[in-house]
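# Analysis of the macromolecular model
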Amino acid sequence: MTETRLIFGFHAVTARLRGAPDSVREIYVDAARSDRRSADFLKLAAARNVRVMTVDSKRLDGMTGNARHQGVAASVAPLKLATHIDDVLEALTEPVLLLILDGVTDPHNLGACLRVADAMGVHAVIAPKDRAVGINATVAKVASGAAETVPYLAVTNLARTMRELKDRNIWITGADEHASVDLFHAKLDGARALALGAEGEGMRRLTRENCDELVRIPMLGSVESLNVSVSAGICLAEARRQRAML
């Protein structure tokens, strides 16, 4: 039997319907919804020839673990994205841009990071199997479709993977609040991996030590730290800006 998993939320399910409709097995919609957004969604599902079942909100609550499903969920087959860095590198026609996440355990943070990664053209997100949330239904909802487009490589030993990246001539820049060089004076073009840790704890020692350089995001206001997805967005945008200048 084909493996399936559940995704939920309008953005996540709509993105799957548009990008890979053949992978959508069945859609579940709250029978109480009769608004314009729901009507447009049902038209899209019909156009893609996907079966829709109307169910009550309690069933959706049970299916999603009482998550904020917005009245829509779908049973889908997993998409085949790259599962190894070699697969990612072989398909590229430009210098690789990677995002390394260390210690991100909150699904909302990971989902937001994937969304930023998709927007900034990141070729893969790398994270450890331990001390990390991994891809689940909440991550997919927050990512608004990006979990279906950005390869997420969960590795057993992050420090070893970082050394392997350097062996492939990929420069690793880590974000650290105590770094002496600020982000906007760092060189971020070329084959590059940007490494970030969770807000508060930051990167683990071995992760930090395996970076080629550390940079800090200039903080000009009163707050002391940024959410990891915000930090990722700032760092990736600067990397893309520098690439565009070449």
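Since the model is a prediction, treat every value here as computed from it, not as a measurement.

Okay, empty space enclosed by the protein next. Under the counting rule described, the total for this entry stands at 1 cavity of 30 Å³ or more. One number sums up the size of the largest cavity: a volume of about 30 Å³. Considering the residues around the largest cavity, the lining is formed by Thr173, Gly174, Ala175, Leu183, Leu188, Leu194, Ala195, Leu196, Val215 and Cys235. Listed by contribution, the elements that provide at least two residues to the lining of the largest cavity are β8 (171–175) and β10 (192–197). Looking at the lining of the largest cavity residue by residue, the class counts come to 8 nonpolar, 2 polar and no charged.

Quick look at the side chain of Asp102 now. Counting through the fold element by element, Asp102 comes out in strand β5 (residues 97–102). Owing to a relative accessible area of 0%, Asp102 belongs among the buried residues under this scheme. Polar side-chain contacts of Asp102 include one of 2.9 Å to the backbone nitrogen of Arg204. Contacts of Asp102, omitting those with residues within four sequence positions, involve Pro128, Leu158, Leu196, Gly197, Ala198, Gly202, Met203, Arg204 and Thr207.

The geometry of an aromatic ring pair is captured by the separation of the ring centres together with the interplanar angle, meaning the angle of the planes. Enumeration over the complete set of coordinates arrives at 1 aromatic pair. Ring geometry for Phe10 and Phe41: centres 5.5 Å apart, planes at 90°, overall edge-to-face. Taken together, the residues span a long stretch of sequence, with Phe10 in helix α1 (residues 10–19) and Phe41 in helix α2 (residues 36–47) at a distance of 31 residues.

A few words on the confidence of the model for the protein. Summing up the model confidence of the protein, the mean pLDDT is 92 and the portion of residues at 70 or higher is 99%. Within the protein, β5 carries the highest mean pLDDT (98), whereas α1 carries the lowest (87).

Let us now look at helix α7 (residues 158–167). An α-helix turns once every 3.6 residues. As a result, residues three or four positions apart point the same way. Of all the positions in α7, only Leu158, Ala159, Thr161, Met162 and Leu165 are classed as buried. Down the axis of α7, the sector holding all buried residues measures 160°, keeping them to one side. One side-chain oxygen at the N-terminal end of α7 lies 3.2 Å from the backbone nitrogen of Ala159; it belongs to Asn157. Where α7 terminates, the next one or two residues include Asn169, which has phi positive at roughly 65°.

Calculation rules
Along each chain, residue indices are assigned from 1 in the same order as the chain's sequence is written. Given that the model is predicted, a residue must reach a pLDDT of at least 70 before its local features are reported, and side-chain atom pairs must reach 80 or more before they are shown or counted; all residues, however, enter totals for whole chains, interfaces and linings. Only heavy atoms go into the side-chain values, all of them from the structure, while hydrogens and water stay out. Buriedness of a pocket was judged along seven lines, with at least five required to meet protein on both sides within 12 Å; pockets are open sets of points on a 1 Å grid over the protein atoms alone, cavities are sets where a 1.4 Å probe fits but cannot get out, and lining residues have an atom within 4 Å of a point. Grid points are joined across faces, edges and corners, and a volume is the space filled by probe spheres set on the points. Only DSSP runs of H or I reaching four residues or more are called helices, and only runs of E reaching two or more are called strands; each is numbered from the N terminus. Residue polarity follows a fixed list, in which Ala, Val, Leu, Ile, Met, Phe, Trp, Tyr, Cys and Pro are nonpolar, Asp, Glu, Lys and Arg are charged, and the others, Gly among them, are polar. With a 1.4 Å probe rolled over the protein chains alone, any residue whose accessible area is under 20% of its type maximum counts as buried; one over 50% counts as exposed, and the rest are partly exposed. Polar contacts here mean pairs of N or O atoms no more than 3.5 Å apart (in protein, one a potential hydrogen donor and the other a potential acceptor; neighbouring residues in sequence count only if both atoms are side-chain atoms). Whether two residues are in contact is decided by their heavy atoms, any of which lying within 4.5 Å being enough. Centres within 6.5 Å make a pair out of two Phe, Tyr or Trp rings, where for Trp the six-membered ring is used; the pair is then stacked when the planes are under 30 degrees apart, edge-to-face when over 60, and tilted otherwise. Residue-level confidence of the predictor is what pLDDT reports, using numbers from 0 through 100. What the arc measures is the spread of directions leading from the helix axis to the C-beta atoms.

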